[in-house]
Amino acid sequence: MSLGCAVFASGNGSNFQALINRKEAGDLDVDFKLFIGNNSKAGSFEIARKEGIKAVHMAPSHYKTEKEYNAKLMNILDGENIELIILAGYMKKLPSELVHKFRHRIVNIHPGLLPAFGGKGMYGSKVHQAVLDYGAKVTGITVHFVDEQYDHGPVILQKTVNVEDTDDVNSLAKRVLVVEHDNYWKAIKAIAQKKITIEGRRVFCNV
Ligand code: GRF
C-alpha cells in the first residue's frame with residue numbers, strides 16, 4: 001500500500017510539484033493525502049488544489065494561542081492516517097509535540113550542505129548568499145529527518161553542487177534547486193520502501 005503522506009509548504013512548491021511528477025511517472029509510490037500551508041496564496045497551495053489534494057490553511061493568526069493552533073494541527077493529522085510528513089519549503093517551526101510523535105517520520109530538504117549554512121534564519125537566497133560570501137567552492141543539498149532543532153536531524157542524503165567563479169545568488173539557487181528536484185524523491189522512495197535504518201545520527205539506505 002502507498003505511504004500516506006502530508007506535505008507542508010509555504011512557498012512556490014517546486015519541490016512539491018517535482019514529487020507529484022515522480023509519483024505520476026511511477027517512480028514514487030506515495031499517497032499525498034494532505035497538504036498543510038500557512039499561505040493560501042502561495043504556489044504550493046495552488047498545486048495542492050489543482051491536484052485535488054485536501055489542502056488546509058493553517059495560519060497561526062487564526063488561533064488565539066499557540067496551544068490551540070498546535071492542537072488543531074495534531075487533530076487534522078490524526079484524522080488522515082499520515083505516515084510521513086514531507087516539508088517542502090515550510091517556513092514555520094513545527095510544534096515539539098508533533099516532532100516527538102512523528103520521530104523519524106518527518107523529512108526536510110535544505111538548499112545547502114548541513115551543518116554548514118543552516119539553522120534559524122538560514123533559508124532561500126540567504127543560504128546561497130552566505131555560501132558565496134564565505135567563498136565556499138562546493139555547496140549542495142541535504143535531505144534529513146526533522147528533530148527539535150532547525151536543520152539538525154539525521155542526514156538521509158546529500159548531493160554536492162560546485163560553486164563557479166561566475167556564480168551569483170540567482171545562478172547558484174537555480175542549479176541547487178534542480179538538484180533538489182532530482183533527489184528529494186529518492187529519499188522518500190527509500191522510506192516508502194522501508195529501506196532505511198537509523199543508528200543514532202547515521203542513516204543507512206539499504207538500496
Ligand atoms: C527549497 O530550496 C528547499 O530546499 C527549502 O525551501 C525551498 C522551497 O522551494 N526548504 P520550493 O517552494 O519547493 O520551490
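One numbering rule holds for all chains: residues counted from 1, following each sequence as written. Where totals are concerned, whole chains, interfaces and linings use all residues; where local detail is concerned, this predicted model gives features only for residues with pLDDT of at least 70, and gives and counts side-chain atom pairs only at 80 or more. Side-chain metrics rest on all non-hydrogen atoms present in the structure, leaving aside hydrogens and water.

Note on terminology: near, applied to a residue and a molecule or strand, indicates that one of the residue's heavy atoms is within 4 Å of it. Surveying the vicinity of the ligand reveals the residues G11, N12, G13, S14, N15, G89, I109, H110, P111 and E180. Each polar contact in these results corresponds to two N or O atoms within 3.5 Å; when the atoms are within protein, one needs to be able to donate a hydrogen and the other to accept it, and residues that are neighboring in sequence are counted only if both atoms are side-chain atoms. A distance of 2.8 Å separates an oxygen atom of the ligand from a polar backbone atom of N15. Side-chain polar atom of E180 to an oxygen atom of the ligand: 2.7 Å apart, as the coordinates give it. Helical segments are the DSSP runs of H or I of at least four residues, strand segments are the runs of E of at least two, and each set is numbered from the N terminus. Taken together, the elements giving at least two residues each to the shell around the ligand come down to α1 (14-24) and β5 (106-110). Residue classes in the shell around the ligand are distributed as two nonpolar, seven polar and one charged. Residue classes follow a fixed rule: Ala, Val, Leu, Ile, Met, Phe, Trp, Tyr, Cys and Pro count as nonpolar, while Asp, Glu, Lys and Arg count as charged, and any other residue, Gly among them, counts as polar.

Axes here mean lines fitted to C-alpha atoms, for a helix over just the part in contact, with angles spanning 0 to 180 degrees between N-to-C directions. Where helix α5 (residues 125-134) meets helix α6 (residues 169-192), the axes come as close as 9 Å, and the angle between the chain directions of the two elements is 115 degrees. Crossing of α5 against α6: the hand is right-handed. In this structure, α5 uses S125, H128, Q129, V131 and L132 to contact α6, whose residues at the interface are V169, L172, A173 and V176. In this scheme the handedness of a crossing depends on how the near helix is turned from the far one: anticlockwise by less than a right angle means left-handed, clockwise means right-handed. Contacts: residue pairs with any heavy atoms within 4.5 Å of one another.

Treat this as a map of the structure, not an account of what it does.
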